[in-house]
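Tertiary structure, described
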Amino acid sequence: MKAVRRPMFWYGLAMWVLSVVISTLLIQLGALIMSDVPTAGKRIAQNDFVNTTELAAIDTAIAQTERLLADKTHEIEDARFVLRSRTLDYQNQRASFENWVKTRSATGADDQNSEVVERVRAIELLKQEERDAGRLVEDLQQEVVAAKRKLQDLRGERSAILAAANAPYQKAQKREVLKVFLFRLVLTLPLLLIAGWLAMKKRQSSYWPVYRGFIIFALFAFFVELVPYLPSYGGYVRYIVGILLALILAHFATRGMARYLQKKQSEEQRPETEKRKLIEYETAIKKISDGVCPSCDRQFGAQNSRKADSTPAANVDFCVHCGFCLYNSCDNCGQRENSFYKFCGACGVPAQKVTP
Ligand SMILES: [Zn+2]
Ligand SMILES: [Zn+2]
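Residues numbered from 1 in each chain as written. Chains lettered and ligands numbered in written order. Predicted model: local features only at pLDDT ≥ 70, side-chain atom pairs only at ≥ 80, totals over all residues. Heavy atoms only, no water.

1. Notes on the nonpolar core
- Counting residues in each nonpolar core, the largest one holds 16 residues, and the members touching the most others are V50, I58, I62, L69, L154 and I161.
- Every element with two or more residues in this core is listed here: α2 (52-107) and α3 (113-164).
- Non-local contacts of L154, meaning those with residues more than four positions away in its chain, are made with I58, A61, I62 and T65.
- In this structure, I279, A284, V316 and Y327 belong to the second largest nonpolar core, which totals 14 residues. (Core = buried A, V, L, I, M, F, W, Y, C linked by side-chain atoms within 4.5 Å. Buried < 20%, exposed > 50% of the residue type's maximum accessible area, 1.4 Å probe, protein only. Helix = DSSP H or I, 4+ residues; strand = E, 2+ residues; numbered from the N terminus. Contact = heavy atoms within 4.5 Å.)

2. A look at the coordination of the zinc ion (ligand 2)
- Protein ligation of the zinc ion (ligand 2) involves C330 (SG), C333 (SG), C344 (SG) and C347 (SG), the donor distances falling in the range 2.2 to 2.3 Å.
- Every donor counted, the 4 donor atoms about the zinc ion (ligand 2) form angles of 107 to 114 degrees at the centre, which fits tetrahedral coordination.
- We note that the donor set of the zinc ion (ligand 2) lies within a single chain, spaced as C-x2-C-x10-C-x2-C.
- For C344, a relative accessible area of 7% corresponds to the buried category. (Donors = N, O, S within 2.8 Å, 3.2 Å for Na, K, Ca; no water. Tetrahedral: all angles 85-135°; square planar, octahedral: opposite > 155°, others 65-115°.)

3. Here we look at the UniProt feature "coiled-coil region" (unreviewed entry) in the chain
- Sequence positions flagged by UniProt for "coiled-coil region" (unreviewed entry) are, in local numbering, residues 123-157.
- Secondary structure over residues 123-157 splits into 100% helix and 0% strand, and the C-alpha atoms at its two ends are 51 Å apart. (UniProt positions renumbered as here; feature names shortened; annotations may be inferred.)

4. Brief notes about the coordination of the zinc ion (ligand 1)
- Here the zinc ion (ligand 1) is held by C293 (SG), C296 (SG), C319 (SG) and C322 (SG), and the distances to it run 2.1 to 2.4 Å.
- Taken together, the 4 donor atoms surrounding the zinc ion (ligand 1) define angles of 101 to 114 degrees at the centre, an arrangement classified as tetrahedral.
- For the zinc ion (ligand 1), all donor residues lie on one chain, and their spacing in sequence is C-x2-C-x22-C-x2-C. With respect to burial, C293 and C296 carry one shared label: buried.

5. Brief notes about the pattern of salt bridges
- Under the counting rule described, the total for this entry stands at 17 salt bridges.
- Two residues, D59 and R158, come together in a salt bridge whose shortest N-O distance is 2.6 Å. In this pair, D59 sits in helix α2 while R158 sits in helix α3, placing the two residues 99 residues apart along the sequence.
- Between R276 and E272 there is a salt bridge, and its shortest N-O distance comes to 3.6 Å. (Salt bridge = Lys/Arg side-chain N within 4 Å of Asp/Glu carboxyl O.)

6. Here's the deal with the UniProt feature "transmembrane region" (unreviewed entry) in the chain
- UniProt annotation of "transmembrane region" (unreviewed entry) refers to residues 181-199, 211-230 and 236-254 when read in the numbering used here.
- The span residues 181-199 shows a helical share of 100% and a strand share of 0%, and its end C-alpha atoms are spaced 26 Å apart.
- The distance from the first to the last C-alpha atom of residues 236-254 is 27 Å, and the span holds 100% helix and 0% strand.

7. Topic: the packing of aromatic side chains
- All told, the structure shown has 6 aromatic pairs when counted by the stated rule.
- Seen from their ring centres, F214 and F217 are 5.9 Å apart, and the 65 degrees between their planes marks the pair as edge-to-face. Taken as a pair, F214 and F217 lie in helix α5 (residues 208-226) at a separation of 3 residues, close to a single helical turn. The exposure classification of F214 matches that of F217, with both residues buried.
- Across from the ring centre of W16, 3.8 Å away, lies the NZ or CZ of R212, which sits over that ring.
- For the cation-ring pair, K342 lies above Y281, with the distance from its terminal atom to the ring centre recorded as 4.1 Å. (Phe/Tyr/Trp six-rings, centres within 6.5 Å; stacked < 30°, edge-to-face > 60°. Lys NZ or Arg CZ within 6 Å of the ring centre and 35° of its normal.)

8. A word on the environment of G334
- Position of G334 among the secondary structure elements: in the loop between β1 (327-329) and β2 (336-338).
- Separated by 12 residues in the primary sequence, G334 and A346 place their C-alpha atoms 9.1 Å from one another.

9. What about a nonpolar patch on the surface?
- A surface patch of nonpolar side chains, amounting to about 980 Å² of accessible area, comprises L178, L182, Y233, Y236, Y239, I240, I243, L244 and L247.
- Elements supplying a minimum of two residues to the nonpolar patch: α4 (166-201) and α6 (236-269).
- Top contributing element to the nonpolar patch by residue count: α6, with 6 residues.
- With respect to the element layout, I240 can be found in helix α6. (Patch = residues over 30% accessible without salt bridge, like charges linked within 9 Å, V, L, I, M, F, W, Y side chains within 5 Å. Areas by Shrake-Rupley, 256 points an atom, 1.4 Å probe, with all protein chains shown as cover.)

Dropping the structure here:
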């Protein structure tokens, strides 16, 4: 049975909607602020830590050597072509000379010595040209090999320069992560502190729905704007923060429970008329119909307590744990009623103040 007035339910729901709307607006405002604030400065890259003058020099040298290599390769192609044609010239000349010598010895003409000498000289000249062409090809080949080796060395130096930038880059990156995190912590921590204070002190305030919206916003900021930016240091920090949070939660839960028990114990010491005044009407009606003592919060009737519209523990009028009066009888008609009812449900006469 519920004694809460119907509009109160809708009022509560509307206040929750209000809280959510306020938190959404705050979250969007926060996101806008975060996007306008330069959180990380410019993003750092490994290239920022490379010795650029050295790298530029190496790159120029590599480009030069590559151009040289390409030129030499072309030259080799041309020289090989020349060599081939020189070889062919020489072989043709030689073959025709041999034929000429054969016909000459066959005809027996001896008066052409000067011509022989001249032709031999021409052949030797061709041979010489072939040899020169061959030497040119060899020289070029050596140059190409040298250029290739130089290119290899230069590329090695280049990767060494890049590798040297790696360590300072990693260090700077770690520093950057820490900086971003601290910046966000500075923004988020005051929100969390205010939210914690509101949650502890302002729950009874008429502005509680607004404060609740702020608390939702602070929690969102903590989990979305701060936690993902925790520096990991190999996962250590995340686990430590998780453990700390669990400890804080456990601390507050235990303290809250201890406070509650203390409050209940001091309440139990008081006379029942005083206890009744401390208990809210709606809560008392609901608790008694649920089979729970509104004074000590213990269950007084185990049987039937879950069934709706059945009087829990039909024969229990007083709490078996603390002696609190749960049910009494109407002075006018004798009907057994919840002791918090203000009027008798059977005859409508105002219920008497309970005197247990
Ligand atoms: Zn009790
Ligand atoms: Zn009555």
